[in-house]
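# Chain and residue survey
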2 protein chains.
Amino acid sequence: MHIEVIPVEGLPLIHQGDDLAEMICRLVAFEDGDILCLASSVYSKAHGHTRLLDEIVPSVDAERIALKTHEDPRFVQAVLDDTTDVILEEPFILSETVTGHVGVRAGLDHSNVEDGMVVRLPPDPMNAAAGLRDALGAVSGKDVRVIITDTCGRSFRRGQAGVAIGWSGMTAIRDFRGDHDLFGHTLEITEEAVVDEVAGFSNFVMGESNNGIPAVVFRNCPQWAGHDDLHFRRDEDIIREALSKN
Amino acid sequence: MHIEVIPVEGLPLIHQGDDLAEMICRLVAFEDGDILCLASSVYSKAHGHTRLLDEIVPSVDAERIALKTHEDPRFVQAVLDDTTDVILEEPFILSETVTGHVGVRAGLDHSNVEDGMVVRLPPDPMNAAAGLRDALGAVSGKDVRVIITDTCGRSFRRGQAGVAIGWSGMTAIRDFRGDHDLFGHTLEITEEAVVDEVAGFSNFVMGESNNGIPAVVFRNCPQWAGHDDLHFRRDEDIIREALSKN
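Starting from 1, residues in each chain are numbered consecutively following that chain's sequence as written. Written order determines the labels here, with chains lettered from A and ligands numbered from 1. Residues qualify for local features only when their pLDDT is at least 70, as the model is predicted, and side-chain atom pairs are given and counted only at 80 or more; totals for whole chains, interfaces and linings, by contrast, use all residues. Derived side-chain values reflect all non-hydrogen atoms in the structure, with water molecules and hydrogen atoms excluded from consideration.

Taking an unreviewed UniProt entry as the reference, chain A is identified by name as Coenzyme F420-0:L-glutamate ligase belonging to Methanofollis formosanus.

Quick look at the structure:
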């Protein structure tokens with residue numbers, strides 16, 4: 001069966017209070033089982049997860065780091081406010097957020113927002129995805145699954161790629177443990193980060209820049225079984241351990 | 001425009017000497033601009049990029065590392081033979097290959113091959129992609145673009161995801177540098193690893209395990225402009241530098 005990937009075209013600029021489910025359902029005739037990928041920045045703007053630089057007073061720590069990263073100390077303070085663990089301070093702040101997600105500048109974004117405004121990641125992205133899923137179901141009458149996406153850099157490889165930060169109606173990981181390959185071997189690769197693979201392709205379809213396509217629908221995707229344990233625990237993360245010794 | 005993602009179903013087990021372009025074109029009616037993603041393991045089997053464990057004599061180094069990784073020293077030797085730089089020896093070998101790609105066990109794979117056989121990554125994956133592209137064009141009469149895929153682990157996030165190791169007819173990176181966002185700001189995220197985002201979703205469609213779908217076609221993908229500099233140089237790779245100090 002062919003999978004269809006449908007950019008949601010025609011969404012206006014999103015402002016706080018906008019009803020995303022209503023607006024998206026006006027543009028998409030959903031079918032049961034569809035996956036909607038939505039850029040986290042758009043979710044956050046609709047739900048007011050933004051801050052004004054003018055209202056932020058930087059701490060001594062923020063001032064100190066800002067000297068190294070050449071950023072506005074108020075922006076650095078906003079990053080620290082959303083950070084539970086700083087992994088790197090420079091050349092950019094790499095930090096863990098409350099959900100276990102590790103990202104550059106705690107996922108805070110200056111792009112595509114009004115001057116002086118910073119867009120945070122949704123503070124509870126799993127609930128964000130579940131809430132949007134419920135709303136899409138209520139408006140469309142269909143069972144629509146949801147992934148909230150962000151973009152991240154990677155180790156060893158240049159360039160950003162889309163990742164999932166919240167999801168609902170699916171598991172993050174497809175778990176092959178115990179499965180056998182075509183020759184009956186137990187599989188070596190046993191856990192696949194399916195939500196990130198879907199989010200990554202949605203990011204390609206969204207484009208960055210001024211395309212203005214923050215939502216993408218996936219139709220006819222196969223189902224999978226697995227679990228939601230997408231983030232390494234600190235004590236099992238070799239790379240994080242190495243960075244912490246630096 | 002909807003993007004279609006089409007699993008290539010019905011490919012038999014691949015053996016050395018098989019004509020992949022001929023076999024795939026029998027199953028797909030290609031259109032100009034299609035992207036074919038092909039699992040590197042299948043490419044390598046068709047082209048004989050495999051080794052028999054019985055024919056490998058492990059070095060002292062391979063014996064030493066195998067004690068730590070609990071692997072067959074002959075398999076470790078095969079990994080070292082395809083490695084230009086060992087980044088980690090344990091808990092698994094993480095190494096760079098001749099192309100600059102960094103992967104676990106240099107991308108060598110035990111899965112889905114006959115007992116005692118190890119499948120290497122294609123030693124020149126860019127030429128592999130270009131050659132397959134030419135062959136698909138000759139058989140189908142269409143301009144088909146190609147990505148050769150593998151799966152990799154990630155930092156901070158559990159689970160494997162598909163990545164591109166060779167590509168032809170496109171650039172690896174979509175380059176937004178100098179672009180402006182919807183509000184006229186210069187974009188902060190300027191380079192997107194598009195080939196990895198496409199390869200990742202193809203890996204989701206392929207599945208692992210015994211699905212036996214090693215090829216996926218993407219139709220109606222937008223074009224992009226950028227460059228092929230997908231791998232960080234050692235001196236610009238913060239995480240690699242940290243690992244090397246461990």
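Only runs of H or I of at least four residues qualify as helices and only runs of E of at least two qualify as strands under DSSP, and these elements are numbered from the N terminus. Along chain A, the regular secondary structure elements total seven helices and 13 strands. Throughout, radius of gyration means the C-alpha value; the globule benchmark is 2.2 Å times the number of residues raised to the power 0.38. Over its C-alpha trace chain A gives a radius of gyration of 19 Å, about what one expects of a compact globule, namely 18 Å for 246 residues. Each principal axis of the C-alpha atoms in chain A carries an extent, and together these give about 55 × 50 × 25 Å. Looking at chain A residue by residue over its 246 residues, the buried ones come to 56%. Residues count as neighbours in contact if any of their non-hydrogen atoms are within 4.5 Å of one another. When contacts within chain A are restricted to residue pairs at least 6 apart in sequence, those whose partners lie at least 24 apart make up 60%. As displayed, chain A has an accessible area near 9,900 Å², and 48% of this comes from carbon and sulfur atoms. Asp and Glu are treated as the negative residues and Lys and Arg as the positive ones, with His and the ends of the chain left uncounted. A single reference atom marks each charge: NZ on Lys, CZ on Arg, CG on Asp, CD on Glu. Taking the 21 positively charged and 42 negatively charged side chains of chain A as two groups, their mean positions are separated by 2 Å. Summary of the burial criterion: residues with accessible area below 20% of their type's maximum are buried, those above 50% are exposed, and those between are partly exposed, where the area comes from a 1.4 Å probe applied to protein chains only. Each accessible area is a Shrake-Rupley estimate made with a 1.4 Å probe; only the visible protein chains count as cover when residues are assessed.

The subject of this paragraph is the domain arrangement of chain A. Residues and elements named next belong to chain A. Throughout the structure description, domain borders are defined by an automatic or database domain assignment. Domain assignment breaks chain A into domain 1 (1-49 + 122-231) and domain 2 (50-120). Just the C-alpha atoms count here: the centres of domain 1 and domain 2 sit 25 Å apart. At the interface, 15 residues of domain 1 touch 13 residues of domain 2. Values labelled buried area give the accessible surface lost by two parts on being combined, using a 1.4 Å probe and summing over both. A per-residue breakdown of the area domain 1 buries against domain 2 is headed by K45, H49 and H231, which together make up 41% of the total. Contacts described as polar in this section are N or O atom pairs within 3.5 Å, which, within protein, must combine one atom able to donate a hydrogen with one able to accept it, while residues neighboring in sequence count only if both atoms come from side chains. Where domain 1 touches domain 2, the interface holds four residue pairs in polar contact (both at pLDDT 80 or more). Those elements that provide at least two residues to the side of domain 1 that touches domain 2 are α2 (40-46), β8 (145-152) and β9 (161-168). When residues in the side of domain 1 that touches domain 2 are grouped by element, the largest group, three residues, is from α2.

Moving on: helix α4 (residues 73-81) of chain A. Those residues of α4(A) that fall on the buried side of the exposure criterion are A:F75, A:V76, A:Q77, A:A78, A:V79 and A:L80. Buried residues along α4(A) sit against β3 (50-52), α3 (60-69), β4 (85-88), β5 (94-96) and β7 (117-119) of chain A.

Our focus in this paragraph is the pattern of salt bridges. Residues and elements named next belong to chain A. In what follows, salt bridge is the name for a side-chain nitrogen of Lys or Arg lying within 4 Å of a carboxyl oxygen of Asp or Glu. Scanning all chains against the criterion turns up 46 salt bridges over all chains. Residues D85 and R234 are paired through a salt bridge, measuring 3.8 Å at the closest nitrogen-oxygen approach. Of this pair, D85 sits in strand β4 while R234 is found in the loop between β13 (226-227) and α7 (238-244), placing the two residues 149 residues apart along the sequence. The class for D85 is partly exposed, based on a relative accessible area of 23%.

Let us now look at the pairing of strand β1 (residues 3-7) of chain B. Counting buried residues along β1(B), four of its five residues qualify, which places the element largely inside the surrounding structure. Both strand β1 (residues 3-7) of chain A and β1(B) contribute to a ladder of three bridges, which runs antiparallel. Within the sheet, the bridge partner assigned to A:E4 lies in β1(B) and is B:E4. Note: β1(B) against strand β12 (residues 215-219) of chain B, four bridges, orientation antiparallel. Looking at the pairing, B:P7 lines up with B:V216 of β12(B). Strand pairing is defined by DSSP finding a minimum of two bridges between the two strands.

Here we come to the sheet that holds strand β11 (residues 191-192) of chain B. All names here are of chain B. Taken in spatial order, the three strands make up an open sheet running β11-β10-β13, and their pairing is antiparallel. Each having just a single partner strand, β11 and β13 (226-227) make up the two edges of the open sheet. Of the strand pairs in this sheet, strand β10 (residues 173-175) and β13 are connected by two bridges, and their pairing is antiparallel. By the bridge assignment, I173 is partnered in β13 with H227.

A few words on the sheet that holds strand β4 (residues 85-88) of chain B. Residues and elements named next belong to chain B. With antiparallel pairing, the three strands of this open sheet are ordered in space as β4-β5-β6. Single-partner strands in this sheet number two, and they are β4 and β6 (102-104). Strand-to-strand twist of the sheet, defined as the mean angle between neighbouring strand axes without regard to direction, takes the value 30°. Examined bridge by bridge, β4 and strand β5 (residues 94-96) share three bridges and lie antiparallel to one another. Within the sheet, the bridge partner assigned to V86 lies in β5 and is S95. With axes taken as lines fitted to C-alpha atoms, and helix axes fitted only over the stretch in contact, angles between N-to-C directions fall between 0 and 180 degrees.

What follows is about the confidence of the model for chain A. The pLDDT score gives, residue by residue, the confidence of the prediction method on a 0 to 100 scale. In the predicted model, chain A carries a mean pLDDT of 91, and 91% of its residues have values of at least 70. In the predicted complex, the global pTM is 0.94; the interface-specific ipTM is 0.94.

Aromatic pairing here means that ring centres of Phe, Tyr or Trp (its six-membered ring) are within 6.5 Å. Orientation follows from the plane angle: under 30 degrees is stacked, over 60 is edge-to-face, and everything else is tilted. Applying the stated criterion across every chain yields a total of nine aromatic pairs over all chains. Arranged with centres 5.4 Å apart and planes meeting at 85°, the rings of A:F204 and B:W224 form a pair that is edge-to-face. Note that A:F204 is positioned in helix α6 (residues 194-206) and B:W224 in the loop between β12 and β13, a pairing that runs across two chains. On the accessibility criterion, A:F204 (0% relative accessible area) is buried. An aromatic cluster is built from A:F201, A:F204, A:F218, A:W224, B:F201, B:F204, B:F218 and B:W224, whose rings are joined through pairwise contacts.

All names here are of chain B. Within the secondary structure, S202 sits in helix α6 (residues 194-206). Side-chain polar atoms of S202 contact the backbone oxygen of A199, separated by 2.8 Å. When near neighbours in sequence (up to four residues on either side) are disregarded, S202 contacts C37, T149, V216 and F218.

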